[in-house]
Amino acid sequence: MVMLTAAQADDQTLDFGVPAWPGITVKTAIAEQLLNPLGYATSAHEIGLQVVYQGIESGDIDVFLGAWLPAQQEMFNPRKASGVLIDVANNVDGAQMTLAVPEYLYESGIQSFADLDEHRDQFNGQIHGFGTGSAASEILLDAIDNDTWGLGDWRLVDTSEVAMLSAARDAISREEAIVWVGWSPHWMNLELPMRYLNDPKNLFGENNGESDVLTLLRSEYADANPNVVTFFEQFTFTAEEQSWMIQAFGQEERDLTEVAVQWISNHPERIEAMLDDVTTTDGDPAWPVIKEDFNL
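Given the structure is predicted, the values throughout are model-derived calculations rather than measurements.

*Asks:* When you look at the overall build of the protein in this model, what are you seeing that I'm missing?
*Replies:* Across its full length, the protein carries 14 helices and twelve strands. Taking 19 Å as the expected radius of gyration for a compact globule of 296 residues, we find that the protein reaches 20 Å, a close match to that expectation. Partitioning the contacts of the protein with sequence separation of at least 6, the portion at a separation of at least 24 is 77%. Only carbon and sulfur atoms are counted for the fraction: they give 43% of the accessible area of the protein, which is about 12,900 Å².

*Asks:* Got a minute to help me understand helix α14 (residues 286-293) in this structure?
*Replies:* In an α-helix, one turn spans 3.6 residues, which is why side chains three or four residues apart end up on the same side. Listing the buried residues of α14 in full gives Ala 286, Trp 287 and Ile 290. The arc that holds every buried residue of α14, seen down its axis, measures 90 degrees, which confines them to one face. Along its buried surface, α14 packs onto α1 (22-35) and α13 (268-274). In the segment just after α14, Asn 295 is the residue with positive phi, at about 55 degrees.

*Asks:* Explanation requested: a negative patch on the surface in the structure shown.
*Replies:* Among the surface-exposed residues, Glu 74, Glu 138, Asp 142 and Asp 145 lie close enough to one another that they form a single negatively charged patch. Looking at the negative patch element by element, the count peaks at three residues for helix α5 (residues 135-145). By the secondary structure assignment, Asp 142 is in helix α5.

*Asks:* I keep staring at the nonpolar core and nothing clicks. Help me out?
*Replies:* One broad rule of soluble globular proteins: the nonpolar side chains tend to lie buried together. Ranked by internal contacts, the top residues of the largest apolar core, which has 102 residues, are Trp 180 and Phe 232. Looking at this core, the element that brings in the most residues is α1, giving seven residues.

*Asks:* What exactly am I supposed to notice about the packing of aromatic side chains here?
*Replies:* The final tally for this structure, using the stated rule, is nine aromatic pairs. Look at Phe 16 and Phe 232: their rings are 6.1 Å apart centre to centre, the planes differ by 70 degrees, and that puts the pair in the edge-to-face class. Here Phe 16, found in strand β1 (residues 13-18), pairs with Phe 232, found in helix α10 (residues 226-233); they are 216 residues apart in sequence, far enough to count as distant. Taken together, a centroid distance of 5.0 Å and an interplanar angle of 70 degrees make the contact between Phe 237 and Trp 263 edge-to-face. Linking Phe 237 in strand β12 (residues 237-238) with Trp 263 in helix α12 (residues 256-266), this pair joins segments that are 26 residues apart in sequence. In terms of burial, Phe 237 and Trp 263 fall into one category: buried. Cluster of aromatic residues (ring-pair linked, three or more members): Phe 16, Phe 231, Phe 232, Phe 235, Phe 237 and Trp 263.

*Asks:* Any chance you could explain the pattern of salt bridges here in plain terms?
*Replies:* Following the criterion strictly, the structure yields nine salt bridges and no others. Its salt-bridge partner being Asp 62, residue Arg 218 comes within 2.8 Å of it at the nearest N-O pair. Within this pair, whereas Arg 218 is found in strand β11 (residues 210-218), its partner Asp 62 is found in the loop between α2 (49-58) and β3 (63-69), the two being separated by 156 residues in sequence. For the pair Arg 218 and Asp 62, a shared accessibility class is recorded, and that class is buried. Between Arg 270 and Glu 241 there is a salt bridge whose closest N-O contact spans 2.4 Å. One end of the pair, Arg 270, is in helix α13; the other, Glu 241, is in helix α11 (residues 239-251), and 29 residues separate them in sequence.

*Asks:* What's the story with the environment of Gln 251 in this structure? I'm lost.
*Replies:* Mapped onto the elements, Gln 251 comes out in helix α11. Once the C-alpha coordinates of Gln 251 and Glu 191 are considered, the two residues, 60 residues apart in sequence, prove to be 10.0 Å apart.

*Asks:* Can you walk me through the packing of α1 against α12 in this structure?
*Replies:* When two helices pack together, you describe them by how their axes are tilted relative to each other and by the distance separating the axes. Put simply, α1 and α12 touch, their axes get as near as 9 Å, and they point 65 degrees apart. When the axes of α1 and α12 are compared, the pair comes out roughly perpendicular. For the crossing formed where α1 meets α12, the hand is right-handed. Listed contacts from α12 to Thr 25, Val 26, Ala 29, Ile 30, Gln 33 and Leu 34 of α1 are Leu 256, Thr 257, Val 259, Ala 260, Val 261, Trp 263 and Ile 264. Class assignment for the residues of the contact of α1 with α12 results in ten nonpolar, three polar and no charged.

Cut-offs applied
Residues numbered from 1 in each chain as written. Predicted model: local features only at pLDDT ≥ 70, side-chain atom pairs only at ≥ 80, totals over all residues. Heavy atoms only, no water. Helix = DSSP H or I, 4+ residues; strand = E, 2+ residues; numbered from the N terminus. Rg over C-alpha atoms; globule rule 2.2 N^0.38 Å. Contact = heavy atoms within 4.5 Å. Areas by Shrake-Rupley, 256 points an atom, 1.4 Å probe, with all protein chains shown as cover. Buried < 20%, exposed > 50% of the residue type's maximum accessible area, 1.4 Å probe, protein only. Arc of directions from axis to C-beta. Patch = residues over 30% accessible without salt bridge, like charges linked within 9 Å, V, L, I, M, F, W, Y side chains within 5 Å. Salt bridge = Lys/Arg side-chain N within 4 Å of Asp/Glu carboxyl O. Lys, Arg positive; Asp, Glu negative; His and termini not counted. Charge placed at Lys NZ, Arg CZ, Asp CG, Glu CD. Core = buried A, V, L, I, M, F, W, Y, C linked by side-chain atoms within 4.5 Å. Phe/Tyr/Trp six-rings, centres within 6.5 Å; stacked < 30°, edge-to-face > 60°. Axes fitted to C-alpha atoms, helices over the stretch in contact; angles between N-to-C directions. Parallel < 35°, antiparallel > 145°, perpendicular 65-115°, else oblique. Left-handed = near helix turned anticlockwise from the far one by under 90°. Nonpolar A, V, L, I, M, F, W, Y, C, P; charged D, E, K, R; others polar.

Okay, here's the thing in structure tokens:
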């Protein structure tokens, strides 16, 4: 990963915006592994979410694989309306984001946002978030400001994804009360005994935080590179597949390239489908090149 410089990105290079989220990091690495042999130069920039959207607007970022909606709609909507970006696919089927609690709390009767304030003392009046400036933080801070669900005297503890999930794991090991921002896809769904709270007021979106994870392309880049648009229209995953990626890279701390290449090697039929009607920069069919390159 390289940091984005103030200079305008090279128009010949496909520049990815990549917040420090394991799932987006792995998907970006898979895309690079597939696009590089086709003749495309790529660069992945590890930057914050707001900087990603600003980069699309300024021309420094060409693609983003993590536009969670509706959580990011305040950043997404005006730029979509202005025409600086297009969304070409929902790249994760089955995504969700909302508040989560340990399974034993859910089974004890804490099953909804409406149940939280009644048990405020158990939770020490704290909700654990994964980072200041995230879309989830903005949603929760707004809920606190407006005393939604009686959360007006609660506090958002915003640390990092690692620290938040470490706190969840520690609390679960002692069977204590904790509530945190949970989402799928993520390794937490595979490793933690957890349940998502019901939210009839849809703070995180309809159907209990049901989410789309959109692939965004800078409009000018998309117009100039229809072949890349075709590739990203077909570059999609299930929530379970991305949870595996996040577990392998984010939790097991395996090498990023190794994880990306393993997924490609284990899914030749999916890769062939992703490359349908995609060509190299010289105009040759993409699939035979990738099939040979990865020995699929």
